[in-house]
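Listed below, chain by chain, are the residues.
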Amino acid sequence: MILGVRVADRADLADELGISLQFLTYILYSKRPENCYRSFEIPKSSGGVRHINAPNDDLKYIQSKLAKLIWNHIKQIREQDSIRANLSHAFEKGKSIFTNARIHQRKRYVINVDLKDFFDSFNFGRVLGFFEKNRYFMLNHEMATVFAQLTCYKNCLPQGAPTSPIITNLVCEILDIRLLNLAKSYRLDYTRYADDLTFSTNDKNIINRFDDFYNDLNSEIERAGFKINTDKTRVLYKDSRQNVTGLVVNKKINIDRRYYKKVRAMTNNLYRNGSFTIDGKPGTVNQLGG
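Here the structure is a predicted model, which means the values were calculated and not measured.

Undergrad: What should I look at first to understand the overall build of the protein chain in this one?
TA: Across its full length, the protein chain holds twelve helices and eleven strands. Burial status across the protein chain gives 43% buried among its 290 residues. For the protein chain, the proportion of contacts with a sequence separation of at least 24, taken over those separated by at least 6, is 67%. Carbon together with sulfur atoms contributes 48% to the accessible area of the protein chain, which is approximately 16000 Å² in total.

Put into structure tokens, the structure is as follows:
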């Protein structure tokens, strides 16, 4: 069943979310979603900072309900049509960096590709168009607009909103299928973890065909509205350290020893001194737990 049949107007949406129409209308048109965010930065383990736009409690409450509604709808469709979602390993129940890395274990070559400005690539119009045109949703224009209003900030999906992960995965499903077909044509295995694409193979001929593969890959990615971050493209050989989403996959899956020692030092400083730093800046317990 398409979701658009059940959600024809704001009253239907409020009922599906289990909230009052008055509360939904207040957030949409009085408070307005664009006024319901706070912005901050957190350091990346690889260096630099990640920009987070987090919704306030009221909007986060609605987004969490909406994310659950979308997930339950997709889950029901997958069960009815016997669809196995095994390409994306981020933000999927039962999936993790471990399940992602396991596909590429003990391979002669591992190819890591990063998508540039991933969340910024999902603008308001793209989100609206997906919910309006995707065969599993087919919302009318008004309701597709409401979905985009509730989930976008500054014309894109914000990192920090509960709805962003599931929407990015759904929009990327067509890209995943195309990249899987491309990978098969070059005898590669393929998985995606958010903006991290990984390909691997034991076929030594991929090195001779790498330029052709990369050009085809770039064409498919640009066709889908993304760009490759060329600074993070890596070809990893079996006699070097092969990393996939932070895990070493040469033989059995392990945490990188350098990362392990770094985190252990942070934990030790927190235990002994009551504080620790990340890239020279004070760290928090939540960051350490993450």
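Undergrad: Just to check I follow, could you spell out the sheet that holds strand β5 (residues 196-201) for this structure?
TA: Hydrogen bonds along the backbone pair up the strands of a sheet, which may run parallel or antiparallel. Spatial ordering of the open sheet is given by β4-β5-β3-β6, a layout of four strands whose pairing is antiparallel. In this open sheet, the two strands that pair with only one neighbour each are β4 (189-193) and β6 (234-237). Each strand axis lies, on average, 20° off the axis of its neighbour in the sheet, ignoring direction.

Undergrad: Would you mind showing me how to read the confidence of the model for the protein chain here?
TA: Mean pLDDT over the protein chain works out to 90, with 87% of the residues at or above the 70 mark. At the low end of the mean pLDDT range in the protein chain sits helix α12 (residues 285-289), at 62; at the high end sits helix α7 (residues 141-151), at 98.

Undergrad: Looking at this model, I keep getting lost on the pairing of strand β3 (residues 109-114). Mind explaining?
TA: For a regular strand, side chains alternate in direction, first toward one face of the sheet and then toward the other. Counting buried residues in β3 gives six out of six residues, a clear majority hidden from the surface. Across the two faces of β3 the burial is the same, with Tyr 109, Ile 111 and Val 113 and Val 110, Asn 112 and Asp 114 all buried. Direction of pairing for β3 relative to β5: antiparallel, over a ladder of six bridges. Each residue of the ladder has a partner; that of Tyr 109, found in β5, is Thr 201.

Undergrad: What exactly am I supposed to notice about helix α9 (residues 173-185) here?
TA: Helical periodicity: at 3.6 residues per turn, an α-helix aligns residues three or four positions apart in one direction. Here α9 spans 19 Å end to end across 13 residues, near enough to the 18 Å set by a 1.5 Å rise per residue. Every buried residue belonging to α9 is among Leu 175, Asp 176, Leu 179, Leu 182 and Ala 183, and all of these are buried. For α9, the buried positions fall inside an angular range of 125° around the axis, keeping them on one side. Exposed residues lying more than 90 degrees from the buried face of α9 are Ile 174 and Lys 184. Tucked into the core, α9 has its buried residues touching β4, β5 and α10 (210-223). Two residues or fewer past α9, Arg 187 is found with a positive phi of approximately 60°.

Undergrad: Where do I start with the packing of aromatic side chains in this structure?
TA: Centre-to-centre distance and the angle between the planes together describe a pair of aromatic rings. Inspection of every chain in the model, using the stated rule, returns 15 aromatic pairs. Here the aromatic rings of Tyr 109 and Tyr 237 are separated by 5.4 Å at their centres, their planes lie at 80°, and the arrangement is edge-to-face. Taken together, the residues Tyr 109 in strand β3 and Tyr 237 in strand β6 connect sequence positions 128 residues apart. By relative accessible area, Tyr 109 is classed as buried at 10%. Under the relative-accessibility criterion, Tyr 237 is labelled partly exposed at 38%. Ring plane angle 70° and centroid distance 5.4 Å describe the contact between Tyr 186 and Phe 213, whose orientation is recorded as edge-to-face. Pair noted here: Tyr 186 is in the loop between α9 and β4 and Phe 213 is in helix α10, with a separation of 27 residues, a long-range link. For Tyr 186, a relative accessible area of 7% translates into the label buried. On the basis of relative accessibility, which here comes to 0%, the residue Phe 213 falls in the buried class. Grouping aromatic residues by their ring pairs yields a cluster made of Tyr 186, Tyr 190, Phe 199, Phe 210, Phe 213 and Tyr 214.

Rules behind the numbers
- Residues numbered from 1 in each chain as written.
- Predicted model: local features only at pLDDT ≥ 70, side-chain atom pairs only at ≥ 80, totals over all residues.
- Heavy atoms only, no water.
- Helix = DSSP H or I, 4+ residues; strand = E, 2+ residues; numbered from the N terminus.
- Buried < 20%, exposed > 50% of the residue type's maximum accessible area, 1.4 Å probe, protein only.
- Contact = heavy atoms within 4.5 Å.
- Areas by Shrake-Rupley, 256 points an atom, 1.4 Å probe, with all protein chains shown as cover.
- Pairing = 2+ DSSP bridges.
- Axes fitted to C-alpha atoms, helices over the stretch in contact; angles between N-to-C directions.
- pLDDT = per-residue confidence, 0-100.
- Expected span 1.5 Å × (residues − 1).
- Arc of directions from axis to C-beta.
- Phe/Tyr/Trp six-rings, centres within 6.5 Å; stacked < 30°, edge-to-face > 60°.

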